[in-house]
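Below, each chain spelled out in residue letters.
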There are 2 protein chains.
Amino acid sequence: MSDSYHHGNLRQALIDAGVKIINENGEENLSLRKVAALCNVSHAAPYSHFKDKDELVEAIKAHVTGQFMTELEKAVSDAPSSEKALVDMGRNYVAFFMRRPDYFKFLFSGQNIVAHIQPGKEHPEDYPPFVLLKETYLKYLSENKIPRTEEEQEVDILKLWASAHGLASIACMSGVEVSFDWEKKISTDELLR
Amino acid sequence: MSDSYHHGNLRQALIDAGVKIINENGEENLSLRKVAALCNVSHAAPYSHFKDKDELVEAIKAHVTGQFMTELEKAVSDAPSSEKALVDMGRNYVAFFMRRPDYFKFLFSGQNIVAHIQPGKEHPEDYPPFVLLKETYLKYLSENKIPRTEEEQEVDILKLWASAHGLASIACMSGVEVSFDWEKKISTDELLR
DNA sequence: CACGCATCTTTACACTGTCAAGATACAAGC
DNA sequence: GCTTGTATCTTGACAGTGTAAAGATGCGTG
């Protein structure tokens, strides 16, 4: 049961509480003490599971990134071709953060994203959403037998990522207005790719 | 003179101190009290000039945005054509923040950028760098007599902005590695446009 | 000269992250 | 079963933060 604290699943409960606070009160209201209070636990209890506030935040980010990933993976698995998958990934990338602007600010306000653009130079700590984009792009190349130098590939990957990420960023800055239905427009693939 | 505090230029001194802190100790070390201390003034003195910490931060942002703007304006005035101006603006956009990653996090960690994409729907509070991009793009259209519907124009503007902004954002996330010389590559216009 | 007002200081408060010391309770060994 | 140990949680404290109220200071205007 969930009332048997003092042992069990406090670590996960703290992460969930953090996500809840971000969703309900915004990223700027996330604090160690509030997270602890939400779990009915003293303000120093989190230190048994995380050495830092940063370590808690990092765990919450990993959790949110997980949700983000399932959204992107759905785009890939639902797409009939790898070309469509690429475009749909971008669409879901932007749509995810339009639905939860606080997640964007939370995930990318720090500076800890690691990513190796160069094909073949993967790294275990690479940011998972980026890895998926890279894989999908490479599959697109090989499926369609498109010849591309390594440097051209790097540029392509960077452009794909940047356009989706930049669009998401702009969409999350509260006062940016477009005349058309933004989400609808994105789904017609005119903005991405 | 600058020693005659207690009257004079405290407001501007606070802004300059804020910029200095961001440059030397990073955006996360910016605090009202440190800014006040740097000006040899009590910790509550800023409240005579700003109602909030937010209002101070907003003033500092405006100051930094000013530096950013002169960088972009230089690209426009130095370019022989409006087409070249567009590309160079993007290049300077990214280069500026690559030189000062802390400025990027500082400027865009909040959510107060206002921008009206639709041509003809300008607003006095629109983000100046965006306004310049929009103007340059429209000049490019008219100079080259390129026919474009209003919605197509919106999409173009958004794509231009998003690619530059996304590239800057990615470049500012510490662990993103490319095999080529990033700044050099950007200046060859292969990434932007 | 006196008044008023903008500016700055002092003091206080709630909230934050962090740490040290102690309490609690489960698991393992005898 | 009882003791011991260790992971977990509590309590209390401290420095740093933003903010508000109250008082001090000194300039310009009447």
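See the structure shown above.
Since we're looking at a predicted model, the values are computed, not measured.

### Brief notes about the overall build of chain A
Helix and strand counts for chain A stand at eight helices and two strands. Seen in sequence order, chain A has helices and strands lined up from the N terminus as α-α-α-α-α-β-α-α-β-α. Its C-alpha atoms give chain A principal-axis dimensions of roughly 60 × 40 × 30 Å. In chain A, the proportion of contacts linking residues at least 24 apart, taken out of those at least 6 apart, comes to 61%.

### With respect to the protein's contact with DNA strand C
Near DNA strand C there are 20 residues, and of these A:Arg33, B:Leu10, B:Ser42, B:His43 and B:His49 occur at the shortest range. Expressed as a percentage, the sugar and phosphate content of the atoms of DNA strand C within 4 Å of the protein is 60%. Residue A:Ser31 places a side-chain N or O atom 3.2 Å away from a phosphate oxygen belonging to DNA strand C. For DNA strand C, a phosphate oxygen lies 2.9 Å from a polar atom in the side chain of A:Tyr47. The element that contributes the greatest number of residues to the surface near DNA strand C is helix H2 (residues 32-38) of chain A, accounting for three residues. Within the surface near DNA strand C, the residues separate by chemical class into seven nonpolar, nine polar and four charged.

### Notes on the protein's contact with DNA strand D
The local shell around DNA strand D holds 20 residues, among which A:Leu10, A:Ser42, A:His43, A:His49 and B:Arg33 are the closest. Protein-proximal atoms of DNA strand D, defined as those within 4 Å of the protein, fall in sugar or phosphate at a share of 57%. One of the side-chain nitrogen or oxygen atoms of A:His49 is found 2.6 Å away from a phosphate oxygen of DNA strand D. Here a phosphate oxygen of DNA strand D sits 3.2 Å away from a polar atom, N or O, in the side chain of B:Asp52. When residues in the surface near DNA strand D are grouped by element, the largest group, three residues, is from helix H2 (residues 32-38) of chain B.

### Re the packing of helix H4 (residues 82-99) of chain A against helix H7 (residues 150-172) of chain A
All names here are of chain A. Contact geometry for H4 and H7: axes closest at 8 Å, N-to-C directions at 20°. The angle between the axes of H4 and H7 places the two elements in the roughly parallel class. Here the hand of the crossing between H4 and H7 comes out right-handed. Every residue of H7 that contacts H4 at Leu86, Gly90, Tyr93, Val94, Phe97 and Met98 is listed here: Leu160, Trp161, Ala164, His165, Leu167, Ala168, Ala171 and Cys172. In terms of residue class, the contact of H4 with H7 is built from twelve nonpolar, two polar and no charged.

### Focus on the relation of the copies chain A and chain B
The two copies are related by a screw operation: chain A maps onto chain B through 180° of rotation and 0.0 Å of translation along the axis, at an RMSD of 0.1 Å. This pairing of chains is accounted for by a two-fold axis. Using C-alpha coordinates, one finds that chain A approaches the rotation axis most closely at A:Gly166, a distance of 1.8 Å. Comparing contact sets, 100% of the residues at the interface of chain A also lie at the interface in chain B, consistent with an isologous, same-surface contact.

### Side note on the state of the cysteines
Per the stated rule, a full pass over the model turns up zero disulfides over all chains. The thiol of A:Cys172 is not disulfide-bonded; the next cysteine sulfur, from B:Cys172, is found 17 Å away. Judged by its relative accessible area of 8%, A:Cys172 falls in the buried class.

### As for the interface of chain A and chain B
Listed per partner, the contact involves 39 residues of chain A and 39 residues of chain B. Taken together, the connections running from chain A to chain B amount to two salt bridges. Between A:Lys185 and B:Glu151 there is a salt bridge, and its shortest N-O distance comes to 2.0 Å. Here chain A is connected to chain B by 18 residue pairs in polar contact (both at pLDDT 80 or more). For the side of chain A that touches chain B, the secondary-structure elements that each account for two or more residues are helix H5 (101-108), strand S1 (114-116), H7, strand S2 (175-177) and helix H8 (182-187) of chain A. Looking at which element gives the most residues to the side of chain A that touches chain B, the answer is H7(A), with 14 residues.

### Details of the packing of aromatic side chains
All names here are of chain A. Following the criterion strictly, the structure yields 24 aromatic pairs over all chains and no others. Connected via pairs of aromatic rings, a cluster forms that spans Phe68, Tyr93, Phe96, Phe97, Tyr103, Phe104, Phe108 and Tyr127. In this structure, lysine 61 is placed above the aromatic ring of phenylalanine 106, and the distance from its NZ or CZ to the ring centre is 5.9 Å.

### Notes on the environment of A:Glu190
Note that A:Glu190 resides in the segment after H8. Its relative accessible area of 39% is what places A:Glu190 among the partly exposed residues. When the C-alpha positions of A:Glu190 and A:Lys61 are compared, they lie 31 Å apart, and in sequence the two are 129 residues distant. Ignoring anything within four residues of it in the chain, the contact list for A:Glu190 reads A:Lys185, B:Val155 and B:Lys159. A polar side-chain atom of A:Glu190 sits 3.3 Å from a polar atom in the side chain of A:Lys185.

What counts and what doesn't
- Residues numbered from 1 in each chain as written.
- Chains lettered and ligands numbered in written order.
- Predicted model: local features only at pLDDT ≥ 70, side-chain atom pairs only at ≥ 80, totals over all residues.
- Heavy atoms only, no water.
- Helix = DSSP H or I, 4+ residues; strand = E, 2+ residues; numbered from the N terminus.
- Contact = heavy atoms within 4.5 Å.
- Near = heavy atom within 4 Å.
- Polar contact = N/O pair within 3.5 Å; in protein donor to acceptor, adjacent residues only side chain to side chain.
- Nonpolar A, V, L, I, M, F, W, Y, C, P; charged D, E, K, R; others polar.
- Axes fitted to C-alpha atoms, helices over the stretch in contact; angles between N-to-C directions.
- Parallel < 35°, antiparallel > 145°, perpendicular 65-115°, else oblique.
- Left-handed = near helix turned anticlockwise from the far one by under 90°.
- Least-squares fit on C-alpha atoms with pLDDT ≥ 70 in both.
- Disulfide = S-S within 2.5 Å.
- Buried < 20%, exposed > 50% of the residue type's maximum accessible area, 1.4 Å probe, protein only.
- Salt bridge = Lys/Arg side-chain N within 4 Å of Asp/Glu carboxyl O.
- Phe/Tyr/Trp six-rings, centres within 6.5 Å; stacked < 30°, edge-to-face > 60°.
- Lys NZ or Arg CZ within 6 Å of the ring centre and 35° of its normal.

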